[in-house]
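Each chain, written out:
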Amino acid sequence: MNPPVPVMINGLPGNVSATIATHFIQDSRFTLIPFSLTGPEIEDDTMQLCGMTIRLVKPEARATVMDEIKHKAPDFITVDFTHPTAVNANAEFYVSQRLPFVMGTTGGDRRKLEKSVLKGEIKAVIAPNMAKQIVGFQAMMEYAATTFPDLFKGYTLDIRESHQQGKADTSGTAKAMVGYYNQLGIPFSENDIIKMRDPEQQKTEWNIPEEHIAGHAWHTYTLTSPEGSATFQFTHNINGRDIYAQGTQDAVLFLHKKLSEASSSKKGNKVGKIYTMIDVLKG
């Protein structure tokens, strides 16, 4: 039996990172390092999760604390579910510290994010969505867009997405889908995405279960022909956050395998490399 993979999950005490951390704690394939990089606005120094005391590390202290963490667990994988405004700064920190990472946080400057990793010496899995089934759906749409360009030329497109009130940015999944629909012949901008964050409307107009208002991801893509005689609609509605934890675990195991292969071969071990969740599914 392989030894458990050490993992540090950043973004605690946030709801998404807490759910994901809980799954890692309860899975014998992993060992959760009791530290988490957090935002400057967090007042607490620690948090309790499944009987563990996890130290919350503010930005000004993370470089110093990282030396302590590396001493205790020299080969760990970082998981980032923080805030969109922290994406680029966090990635640059991981690269400077040579910390391989899995990033499920959306937002930030994505081109800058990729450049940061590729100019460094680490490997990372970066994806706007960690739910394997949704990633598979995106792969199918990518295949359709590449194989049948302009299939829906002349059609109009309506994209609606709803997330919990605390999600600051537009859905990364919805934004990624825009490119596929453009290839299929529909001019559409990310700015045209209809974003819902109002709890009352989510409950009364969208019929989202009240118990999931605080944690959900609902998406609907509606395509209508020019004369209105044909309509195609694709929907994926996720309640809760468990589905993202499962995909994140697969991403960590995939990255761990790639790091082990690079270490064994001594080739490409110090070359920046970005993987996607499509790579994870194929691997």
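This write-up is about the structure you can find in this document.

Conventions and cut-offs
Residues numbered from 1 in each chain as written. Predicted model: local features only at pLDDT ≥ 70, side-chain atom pairs only at ≥ 80, totals over all residues. Heavy atoms only, no water. Axes fitted to C-alpha atoms, helices over the stretch in contact; angles between N-to-C directions. Helix = DSSP H or I, 4+ residues; strand = E, 2+ residues; numbered from the N terminus. Parallel < 35°, antiparallel > 145°, perpendicular 65-115°, else oblique. Left-handed = near helix turned anticlockwise from the far one by under 90°. Contact = heavy atoms within 4.5 Å. Nonpolar A, V, L, I, M, F, W, Y, C, P; charged D, E, K, R; others polar. Core = buried A, V, L, I, M, F, W, Y, C linked by side-chain atoms within 4.5 Å. Buried < 20%, exposed > 50% of the residue type's maximum accessible area, 1.4 Å probe, protein only. Pairing = 2+ DSSP bridges. Salt bridge = Lys/Arg side-chain N within 4 Å of Asp/Glu carboxyl O. Phe/Tyr/Trp six-rings, centres within 6.5 Å; stacked < 30°, edge-to-face > 60°. Lys NZ or Arg CZ within 6 Å of the ring centre and 35° of its normal.

When two helices pack together, their arrangement is given by the angle between the helix axes and the distance between those axes. Two elements in contact, helix α5 (residues 132–147) and helix α6 (residues 172–183), have axes whose closest approach is 8 Å; the angle formed by their N-to-C orientations is 20°. Relative to α6, the element α5 lies roughly parallel. As α5 packs across α6, the resulting crossing turns out to be left-handed. Contact with α5, carried on its side by Ile 134, Phe 137, Gln 138, Met 141, Glu 142, Ala 145 and Thr 146, involves Thr 173, Ala 176, Met 177, Tyr 180, Tyr 181 and Gln 183 of α6 and no other residues of that element. Residue composition of the contact of α5 with α6, grouped by class: eight nonpolar, four polar and one charged.

Turning our eyes to something else, we now look at the nonpolar core. In this structure, Val 7, Ile 9, Val 102, Val 125, Met 130, Val 252 and Met 277 are the most contacted members of the largest nonpolar core, which totals 37 residues. The element that contributes the greatest number of residues to this core is helix α8 (residues 242–265), accounting for seven residues. Setting aside residues no more than four positions away along its own chain, Met 130 makes contact with Phe 81, Val 102, Met 103, Gly 104, Ile 243, Tyr 244, Gly 247, Thr 248, Ala 251 and Met 277.

A cis amide bond, omega 10°, links Leu 12 with the succeeding residue Pro 13. Among the secondary structure elements, Pro 13 is positioned in the loop between β1 (5–10) and α1 (15–25). Phi is positive for Asp 150, which is not a glycine, with a value near 65°. Relative to the helices and strands, Asp 150 is located in the loop between α5 and β9 (156–163). Of note, Asn 207 is a non-glycine position whose phi angle comes to about 60°, a positive value. Relative to the assigned elements, Asn 207 resides in the loop between α7 (199–204) and β11 (216–224). Accessibility expressed as a relative area gives 58% for Asn 207, which makes it exposed.

The strand order across the open sheet built from four strands is β10-β9-β11-β12, with neighbouring strands paired in mixed fashion. A single partner strand is all that each edge strand has here, and the edge strands are β10 (194–196) and β12 (231–239). Pairwise comparison of adjacent strand axes, ignoring direction, gives a mean angle of 10° for this sheet. In this structure, β9 lies alongside β10, joined through three bridges in parallel fashion. Paired with Ser 162 across the strands is Met 196, a residue of β10. The strands touched by α6 are β9, β11 and β12; relative to β11, the strand with the most contacts, the crossing angle is about 20°.

Here we take up the side chain of Gln 97. Of note, Gln 97 is situated in the loop between α3 (87–96) and β7 (101–103). Since its relative accessible area comes to 15%, Gln 97 is described here as buried. Discounting chain neighbours no more than four positions away, the residues touching Gln 97 are Met 66 and Lys 70.

By the definition in use, this model includes twelve salt bridges. Note that Asp 45 is salt-bridged to Lys 58, the shortest N-O span being 3.6 Å. Of the two residues, Asp 45 sits in the loop between β3 (35–37) and β4 (46–49) while Lys 58 sits in the loop between β5 (52–57) and α2 (62–72), which places them 13 residues apart along the sequence. The buried category is assigned to Lys 58, whose relative accessible area is 13%. Arg 55 is paired through a salt bridge with Glu 68; the nearest N and O atoms lie 3.4 Å apart. With Arg 55 in strand β5 and Glu 68 in helix α2, this pair connects stretches of sequence that are 13 residues apart.

Once that is clear, we can look at the packing of aromatic side chains. A complete count under the given rule lists eleven aromatic pairs for this structure. A ring pair is formed by Phe 24 and Phe 30, whose centres lie 4.6 Å apart and whose planes are at 65°; its orientation type is edge-to-face. The residues Phe 24 and Phe 30 share a single accessibility class, namely buried. Residues Phe 254 and Tyr 275 carry aromatic rings whose centres are separated by 5.1 Å and whose planes lie at 85° to one another, so their mutual orientation is edge-to-face. With Phe 254 in helix α8 and Tyr 275 in strand β13 (residues 273–275), this pair connects stretches of sequence that are 21 residues apart. Among the residues examined, Tyr 275 registers a relative accessible area of 10% and is labelled buried. Taken together, the ring pairs in this structure connect Phe 137, Tyr 181, Tyr 221 and Phe 234 into an aromatic cluster. Seen from the ring of Phe 93, Arg 62 lies directly overhead, with NZ or CZ sitting 4.3 Å from the centre.

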